[in-house]
Amino acid sequence: SGVFLRGDSTWAAASAPITAYGVTVANVANTTTETTCMSFAVDDMADGDIIWLRGSALVKNNPGSVSNFTATLYWGSVSGAINTVNTFYDNATEAKWMMGVYMQRVGSDLWVIDAQGTSNSKPYMIASTVGHTPLQLQNAVALSSCTFDSSQTVAVKITHGVAHANTYFNVQDARAHRFSE
């Protein structure tokens, strides 16, 4: 057993280019305190390596008014807000969200994009001048002066704009993988 790559109609053993991490998940409900919803430990990360964190959550905001929320990514003690639009519309219906956060080490920085597929977090839209469908591209958030050669906790933390029994972000499951050469 192992990891194999295929190229030119042949199979070749890969030297562990993919690392899976166990992600701890938690619910964020009825609080305005920044709370960790997903976290995992990374031992090291080489320049150019990519980590892809994906998850699914049941989400609701029904306090009777529009609210907001902030999603913040932490790499150890270094952090940055990753959601591009934080309006959280009042709705009695629970939503099913799938989200992703892509991270790449670039020198001593970590470049991050939030790729949540929801109406509450949209990527920057760039329309083609020749009439093609707009491309969904995102501005990367750069976390500077990160430590990459010792164990670091990577966490996504949610801060709700209102504490209410009907406002929550409940992560159902999450996966994280590092892709390296």
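Residues numbered from 1 in each chain as written. Predicted model: local features only at pLDDT ≥ 70, side-chain atom pairs only at ≥ 80, totals over all residues. Heavy atoms only, no water.

## A few points about unusual backbone geometry
Definition in use: Categorising residues by exposure relies on relative accessible area from a 1.4 Å probe, with only protein chains included: less than 20% of the type maximum marks a residue as buried, more than 50% marks it as exposed, and the intermediate range marks it as partly exposed. Every helix listed is a DSSP run of H or I at least four residues long, and every strand listed is a run of E at least two residues long, numbered separately from the N terminus.
Of note in this structure, N30 is not a glycine but carries a positive phi near 50 degrees. Judged by its relative accessible area of 44%, N30 is partly exposed. Positive phi, close to 60 degrees, is recorded for S145, a residue that is not glycine. Structurally, S145 can be placed in the loop between β15 (141-143) and β16 (152-160). Here S145 falls in the exposed class, since its relative accessible area comes to 60%.

## Let's talk about a nonpolar patch on the surface
For the record, the criterion: Here the term patch refers to residues with relative accessible area over 30% and no salt bridge, with like charges joined within 9 Å and nonpolar side chains (Val, Leu, Ile, Met, Phe, Trp, Tyr) within 5 Å. Here the Shrake-Rupley method, with its probe set to 1.4 Å, supplies the accessible areas, and only the displayed protein chains count as covering residues. Any Lys or Arg side-chain nitrogen located within 4 Å of an Asp or Glu carboxyl oxygen qualifies as a salt bridge.
A contiguous nonpolar patch, built from I18, I50 and F179 and spanning about 230 Å² of accessible area, is present on the exposed surface. Within the secondary structure, I50 is located in strand β7 (residues 50-61). I50 gets classed as partly exposed once you look at its relative accessible area, which sits at 33%.

## Concerning the packing of aromatic side chains
Heads up, the rule is: Pairing of aromatic rings covers Phe, Tyr and Trp, the last counted by its six-membered ring, and requires centre-to-centre distances within 6.5 Å; plane angles under 30 degrees mean stacked, over 60 mean edge-to-face, and any other angle means tilted. Should the NZ of a Lys or the CZ of an Arg lie within 6 Å of a ring centre and within 35 degrees of the ring normal, that charge is described as sitting over the ring.
One pass over the full model with this rule turns up six aromatic pairs. Judged by centre distance (5.4 Å) and plane angle (20 degrees), the ring pair of W52 and Y102 falls under stacked. Residue W52 is found in strand β7, and its partner Y102 is found in strand β11 (residues 91-106); the two are separated by 50 residues along the sequence. Residue classification places Y102 among the partly exposed residues on the basis of a relative accessible area of 30%. A ring pair is formed by W75 and F148, whose centres lie 5.4 Å apart and whose planes are at 50 degrees; its orientation type is tilted. Of this pair, W75 sits in strand β8 (residues 67-75) while F148 sits in the loop between β15 and β16, placing them 73 residues apart in sequence. Since its relative accessible area comes to 2%, W75 is described here as buried. Pairwise contacts between aromatic rings join F69, W97 and F169 into one cluster. Cation over ring: R54 sits above W52, and NZ or CZ is 4.1 Å from the ring centre. Positioned above the aromatic ring of Y74, the side-chain terminus of K157 is 4.3 Å from the ring centre.

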